[in-house]
Amino acid sequence: MFDCGKIAIIGGGSWATAIAKIIVGTTHHIGWYMRRDDRIEDFKRLGHNPAYLTGVHFNMDEIYFSSDINKIAQAYDTLVFVTPSPYLKNHLKKLKVSLRDKFLVMAIKGIVPDDNLVCSEYFHEMLDVPYDNLACIGGPSHAEEVALERLSYLTVGCSDTDKAEGMARVLSGRFIKTKTSGDVIGIEYSSVLKNVYAIAAGICTGLKYGDNFQAVLMANALQEMARFLQCVHPIERHMEDSVYIGDLLVTGYSNFSRNRTFGTMIGKGYSVKSAQIEMEMIAEGYFGTKCMKEINKHLHVNMPILDAVYNILYERIAPQVEIKLLTDSFR
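As the structure is a prediction and not an experimental result, all values here were calculated from the model.

Definitions and limits used
- Here the residue index of a chain counts from 1 through its sequence in written order.
- With pLDDT at 70 or above as the cut-off, local features in this predicted model cover only qualifying residues; side-chain atom pairs require 80 or more to be listed or tallied, and sums for whole chains, interfaces and linings still use all residues.
- Heavy atoms from the whole structure form the basis of all side-chain values; hydrogens and water molecules are not counted.
- To pair, rings of Phe, Tyr and Trp, with the six-membered ring standing in for Trp, must have centres within 6.5 Å; the planes then decide the type, stacked if under 30 degrees apart, edge-to-face if over 60, and tilted in the middle.
- Comment: elements are numbered from the N terminus, with helices defined as DSSP H or I runs of at least four residues and strands as E runs of at least two.
- Think of it in three bands: residues with accessible area under 20% of the maximum for their type are buried, residues over 50% are exposed, and the middle band is partly exposed, with areas taken using a 1.4 Å probe on protein chains only.
- Only buried Ala, Val, Leu, Ile, Met, Phe, Trp, Tyr and Cys residues count toward a nonpolar core, and they belong to the same one when joined by side-chain atoms within 4.5 Å.
- It only takes one pair of heavy atoms within 4.5 Å for two residues to be counted as in contact.
- Throughout, the arc means that of the directions going from the helix axis to the C-beta atoms.
- Here, a salt bridge means any Lys or Arg side-chain nitrogen found within 4 Å of an Asp or Glu carboxyl oxygen.
- The rule is simple: put a 1 Å grid over the protein atoms alone, call a set of points where a 1.4 Å probe fits but cannot get out a cavity, call an open set with protein on both sides within 12 Å along at least five of seven lines a pocket, and count a residue as lining if it has an atom within 4 Å of a point.
- Grid points are joined across faces, edges and corners, and a volume is the space filled by probe spheres set on the points.
- Three categories are distinguished: nonpolar for Ala, Val, Leu, Ile, Met, Phe, Trp, Tyr, Cys and Pro, charged for Asp, Glu, Lys and Arg, and polar for the others, with Gly belonging to the last.

Glancing now at the packing of aromatic side chains. For the structure shown, the criterion picks out 15 aromatic pairs. A ring pair is formed by tryptophan 32 and phenylalanine 65, whose centres lie 5.7 Å apart and whose planes are at 20 degrees; its orientation type is stacked. Residue tryptophan 32 is found in strand β2 (residues 30-33), and its partner phenylalanine 65 is found in strand β3 (residues 63-66); the two are separated by 33 residues along the sequence. The exposure class of tryptophan 32 is buried, given its relative accessible area of 0%. Seen from their ring centres, tyrosine 286 and phenylalanine 287 are 5.3 Å apart, and the 75 degrees between their planes marks the pair as edge-to-face. Taken together, the ring pairs connect Phe262, Tyr286, Phe287, Tyr310 and Tyr314 into an aromatic cluster.

Moving on, we come to the nonpolar core. Counting 75 residues, the largest nonpolar core has Leu79, Phe81, Leu99, Phe123, Tyr197, Leu217 and Phe262 as the members making the most contacts within it. Of all the elements, helix α8 (residues 184-206) adds the most residues to this core, at 13 residues. Among residues more than four places away in sequence, those in contact with phenylalanine 262 are Ile199, Val272, Ala275, Gln276, Met279, Ala283, Tyr286 and Leu313. By size, the runner-up hydrophobic cluster in this structure holds 40 residues, among which are Ile19, Ile22, Phe175 and Ile176.

As a further point, take helix α15 (residues 319-329). Within α15, the full set of buried residues consists of Pro319, Glu322, Ile323, Leu326 and Thr327. Across the axial projection of α15, the buried residues extend over an arc of 140 degrees, all falling on one side. Against the buried residues of α15 lie α8, α9 (211-232), α11 (258-267) and α14 (304-314).

The next thing to look at is the pattern of salt bridges. Taken as a whole, this structure holds 11 salt bridges when the rule is applied. Two residues, glutamate 149 and arginine 174, come together in a salt bridge whose shortest N-O distance is 2.7 Å. Highlighted residues: glutamate 149 in the loop between α6 (143-147) and β9 (152-158) and arginine 174 in the loop between α7 (161-171) and β10 (176-181), separated in sequence by 25 residues. Residue class for glutamate 149 comes out partly exposed when judged on its relative accessible area of 32%.

By secondary structure assignment, the location of glutamine 223 is in helix α9. By relative accessible area, glutamine 223 is classed as partly exposed at 45%. When the C-alpha positions of glutamine 223 and methionine 303 are compared, they lie 9.3 Å apart, and in sequence the two are 80 residues distant.

Right, let's get into empty space enclosed by the protein. If you walk through the whole model with that rule in mind, you get 1 cavity of 30 Å³ or more. In this structure, the largest cavity encloses a volume near 40 Å³. Lining the largest cavity, in full, are Met106, Ala107, Ile108, Lys109, Cys136, Ile137, Ile187, Glu188 and Ser191. Contributions of two or more residues to the lining of the largest cavity are made by β8 (134-138) and α8.

In this structure, the largest pocket encloses a volume near 920 Å³. Contributing to the lining of the largest pocket are 37 residues, with Gly13, Ser14, Val82, Pro84 and Arg258 lying nearest its centre. Going through the elements one at a time, α1 (14-27), α4 (88-92), α6, α8 and α11 are the ones with two or more residues in the lining of the largest pocket. For the lining of the largest pocket, the element with the highest residue contribution is α1, accounting for 3 residues. By residue class, the composition of the lining of the largest pocket is 14 nonpolar, 13 polar and 10 charged. The space that makes up the second largest pocket amounts to roughly 240 Å³. The wall of the second largest pocket is formed by 13 residues, among which Ser271, Val272, Ile312, Leu313 and Arg316 lie closest to the centre. When residues of the lining of the second largest pocket are traced back to their parent elements, those giving at least two are α12 (272-279) and α14. For the lining of the second largest pocket, the leading source of residues is α14, giving 3 residues. In terms of residue class, the lining of the second largest pocket is made up of 9 nonpolar, 2 polar and 2 charged.

Spelled out as structure tokens, the structure:
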């Protein structure tokens, strides 16, 4: 039976805070790396994250904070990475400690830009971490609902079943149910794609398309996701599992979804930059759209929804025009 040992969180956003709440609730101690000392001091003074999920209060005696990623990496056995994907490389550049023998858990719903790799691939190829030491956490779950202790379900993916089950035990609790999977690559890519499709859903909301069309959009998004996953990582998987269709639906429909919110603003006529400024939070799907488009240039999977979102966000084609073309391709 695998023991995750001492666990640390890498990142300071809303999902990092939600996962910290879950883990500290079962282990009663975590390490926590945040890059800003002033944010750490405010956290200690207030007893909660000063910037995200401010209603979640922590016992400061159960947390060791540090803005030195090497101290955290040296002292802890399991590192849960929950940073926005565009910033991951900047954090890792500071590392002098080898991660090869650590158990690394990805809770990043994005792709490493420029390299165009999901995070487990990046850690394996760039930092020589064995795949057996790499895991991921999939939804469906919003940080806000975890903060409210509403019943949520998580899937832990790892090629080492014993390690997946060990992490699942850590996450399981009164308001969290867990299951395990061996499909790390599939879960990571589906986590990226569902953000892209949530932007599409938001754009359609902003354009005042109704629920009937949204259902057709989500059905086609699931088919598109299945085609891509089968191409990039061809294994037997069940797309009706909650980690695939469930995560897609909650991200596409929920008012907590920042990607859907971002898309809604674009559909209402906001520019990308003005929408980003007004949100004050990162919509991972914006970056994920470009990365997935570049990846698919080499795979040639039929992905009309991805193409439409890319054209709207990066080619500045009017949402009304692009979505009308998309609706004509659906049945």
